[in-house]
Amino acid sequence: MSCSLSLEKFIGKVAIVTGSSSGIGKAIAEALVKNGVKVAGLARRVERIEEHSKQLSDEKGKLHAFKCDVTDQEEIISTVKEITEKLGPIDILVNNAGLGRATNIIDGDIQKWRTILDTNVLAVAIFIKEVIANMKLHKTKGHIININSILGHRVIDLPVINVYPASKHAITALTETVRLEINREKLPIKITSLSPGYVKTEIIMSEEFANEANVEDPKTLPGLEAQDIADGALYILSTPDHVNVNELTVSVQGY
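The shown structure was predicted, so the numbers you read here are calculated from the model rather than taken from an experiment.

(A) Region of interest: the packing of helix 1 (residues 23-34) against helix 8 (residues 226-238). Close contact between helix 1 and helix 8 brings their axes to 8 Å; oriented N to C, the two are set at 50°. It follows from the interaxial angle that helix 1 and helix 8 lie oblique. Viewed along their axes, helix 1 and helix 8 form a crossing whose handedness is right-handed. On the side of helix 1, the interface is formed by Gly23, Ile24, Ala27, Ile28, Ala31 and Leu32, while helix 8 contributes Ala226, Gln227, Ile229, Ala230, Ala233, Leu234 and Leu237. Among the residues forming the contact of helix 1 with helix 8, the class breakdown is 11 nonpolar, two polar and no charged.

See below:
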């Protein structure tokens, strides 16, 4: 494989990054903008993306803010339509939006389960459906990245976040299922599962989450930075047309 990987083929193209107001999504959106991509950043806290866009105003690409609640099916559909009308056909989709809630299964909170599954699984499937329809229409050589987790490949005994691994295992299966559908239709679209270990993001680092989950202070744990995952996403996207990275797992050295 060539060592001179770049995102030149995506300069001026359109990417959707969900959950881009903070953490991994914010880092990926910024990395794409710096590489000349027009990025539609989606989140409920749209004002954060607008502020980030101002900070990136001198970069090669541009960050556009779109307000979207990914638990709302109709809002996903209308937002994707709005993006294509304003920015053009979609070349990249990064399904990053995701969350965990402190709950278990034996005596857990069903509404929390529903929120986790709506956000981490159903929203991903809906975005894939809408974006692939657009890619098919324009015969786009597109790329979809699903931000997964090491917990999507093995279950670890982490009390009270017990529905989260199930949601991420679903992403592992969903990614592979979509790959088979893409191959069956002979579409020029790549799809990748990007699975980080523990990443020091705003939500995970919060005292509220630590207290709710009754876990050790996250600030003291060895973990990845959001930029580490953004670097992984850039590598995935920079591969030649004949190369598809099916799965990329990123973890802290020694763990």
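(B) Region of interest: helix 2 (residues 46-55). Looking at helix 2, one finds that the buried residues are Val46, Ile49, His52 and Ser53. Buried residues of helix 2, viewed axially, fall in a sector of 115°; they line one side. Set apart from the buried face of helix 2 by more than 90 degrees, the exposed residues are Lys54 and Gln55. Where helix 2 is buried, its residues meet helix 1, strand 2 (38-43) and strand 3 (62-67).

(C) Structural context of the pairing of strand 4 (residues 92-95). Residues Ile92 and Val94 of strand 4 are buried on one face, and the alternating residues Leu93 and Asn95, pointing to the opposite face, are buried as well. Sheet analysis places strand 1 (residues 14-18) next to strand 4, joined by three bridges and oriented parallel. By the bridge assignment, Ile16 is partnered in strand 4 with Leu93. Alignment of strand 4 against strand 5 (residues 143-147), held across four bridges, turns out to be parallel. Across the sheet, the residue bridging to Asn95 is Asn146, located in strand 5. Once you follow strand 4 into helix 4 (residues 110-137) and on to strand 5, the crossover reads as right-handed.

(D) Seen up close, unusual backbone geometry. Here the phi dihedral of Val160 falls at roughly 65°; this positive angle occurs in a residue that is not glycine. Among the secondary structure elements, Val160 is positioned in the loop between strand 5 and helix 5 (163-184). By relative accessible area, which is 24% here, Val160 ends up partly exposed.

Each value, and the rule that gives it
Residues numbered from 1 in each chain as written. Predicted model: local features only at pLDDT ≥ 70, side-chain atom pairs only at ≥ 80, totals over all residues. Heavy atoms only, no water. Axes fitted to C-alpha atoms, helices over the stretch in contact; angles between N-to-C directions. Helix = DSSP H or I, 4+ residues; strand = E, 2+ residues; numbered from the N terminus. Parallel < 35°, antiparallel > 145°, perpendicular 65-115°, else oblique. Left-handed = near helix turned anticlockwise from the far one by under 90°. Contact = heavy atoms within 4.5 Å. Nonpolar A, V, L, I, M, F, W, Y, C, P; charged D, E, K, R; others polar. Buried < 20%, exposed > 50% of the residue type's maximum accessible area, 1.4 Å probe, protein only. Arc of directions from axis to C-beta. Pairing = 2+ DSSP bridges. Right-handed = clockwise from strand over helix to strand, strands pointing away.

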